[in-house]
Amino acid sequence: MPSLSENRFLRLIFLCALYMAQGLPFGFVTVGLHDYFLADGKDPGEVARLITFISIPWTLKFLWGPVIDRWTLRSMGRRRPWLILAQGIMVVVLLILAFATNLHHSLTSLGWAILTLNIFIALQDVSTDGLAVDLIPESDRGKANGLMYGCSYLGSFIG
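Keep in mind that this is a model prediction, so the values were computed, not measured.

**Q** What is the right way to look at helix 1 (residues 8-39) in this model?
**A** At 3.6 residues per turn, the α-helix brings residues three or four places apart onto the same side. Here helix 1 is 32 residues long and its end C-alpha atoms lie 45 Å apart, about the 46 Å a rise of 1.5 Å per residue gives. The axis of helix 1 is deflected most strongly, by about 30°, at Val29. Downstream of helix 1 by one or two residues, Gly41 has phi in the positive range, about 90°.

Set out below in structure tokens:
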């Protein structure tokens, strides 16, 4: 099986899929959940505070870079352990959210769960960016970045 560093098409598909995976929950939370709560009669100020609270990891994601670059498992590569960790915790949090009952009645509990989700989506974002810089030749970075960002928007739209 070809590796990501050897196959340009496979590399772009993989990176775009990661960006789409980041966009899905972002679109669901910032648009879908926001509109759901407003239609459900929640106070707009309370909903705005929730959205602001759960967006904090995106403003602090620059802190992940030094952590990711410093600690790695060389046997798995520089970025793979972080991507696996982020994806694994994202799946666990989403499963908890999917099976939690009456969570929409407690914005605080929901906020903490989505904050946790966003921490690991931001970790995945930084890890994916590092992986892209490691794998994509400089001449292809502009095109790849545009495709990846477009897939993030697509994921947000679907979410």
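**Q** Can you walk me through the packing of aromatic side chains in this structure?
**A** Working definition: an aromatic ring pair is given by the centre-to-centre distance plus the angle between the planes. According to the stated counting rule, one finds four aromatic pairs in the structure shown. Note on Phe53 and Trp112: the rings are 5.0 Å apart at their centroids and 80° apart in plane angle, and the pair reads as edge-to-face. In this pair, Phe53 is assigned in helix 2 (residues 44-54) and Trp112 in helix 6 (residues 107-135), connecting sequence segments 59 residues apart. Relative to Tyr153, the ring of Tyr149 lies with its centre 5.1 Å away and its plane at 85°, an arrangement referred to as edge-to-face. On the criterion of helical spacing, the pair formed by Tyr149 and Tyr153 is a turn pair, its members being four residues apart in helix 7 (residues 141-158). Residue class for Tyr153 comes out exposed when judged on its relative accessible area of 54%.

**Q** Would you take a moment to explain the state of the cysteines for this structure?
**A** Simply put, the disulfide is a covalent bond whose two ends are the sulfur atoms of two cysteines. Enumeration according to the criterion identifies zero disulfides in this entry. Cys16 forms no disulfide, and the closest cysteine sulfur to it belongs to Cys151, at a distance of 3.5 Å. The class of Cys16 is buried, set by a relative accessible area of 11%. Here Cys151 falls in the buried class, since its relative accessible area comes to 16%.

Conventions adopted
- Residues numbered from 1 in each chain as written.
- Predicted model: local features only at pLDDT ≥ 70, side-chain atom pairs only at ≥ 80, totals over all residues.
- Heavy atoms only, no water.
- Helix = DSSP H or I, 4+ residues; strand = E, 2+ residues; numbered from the N terminus.
- Expected span 1.5 Å × (residues − 1).
- Bend = angle between axes of the 7 residues up to and from the residue.
- Phe/Tyr/Trp six-rings, centres within 6.5 Å; stacked < 30°, edge-to-face > 60°.
- Buried < 20%, exposed > 50% of the residue type's maximum accessible area, 1.4 Å probe, protein only.
- Disulfide = S-S within 2.5 Å.

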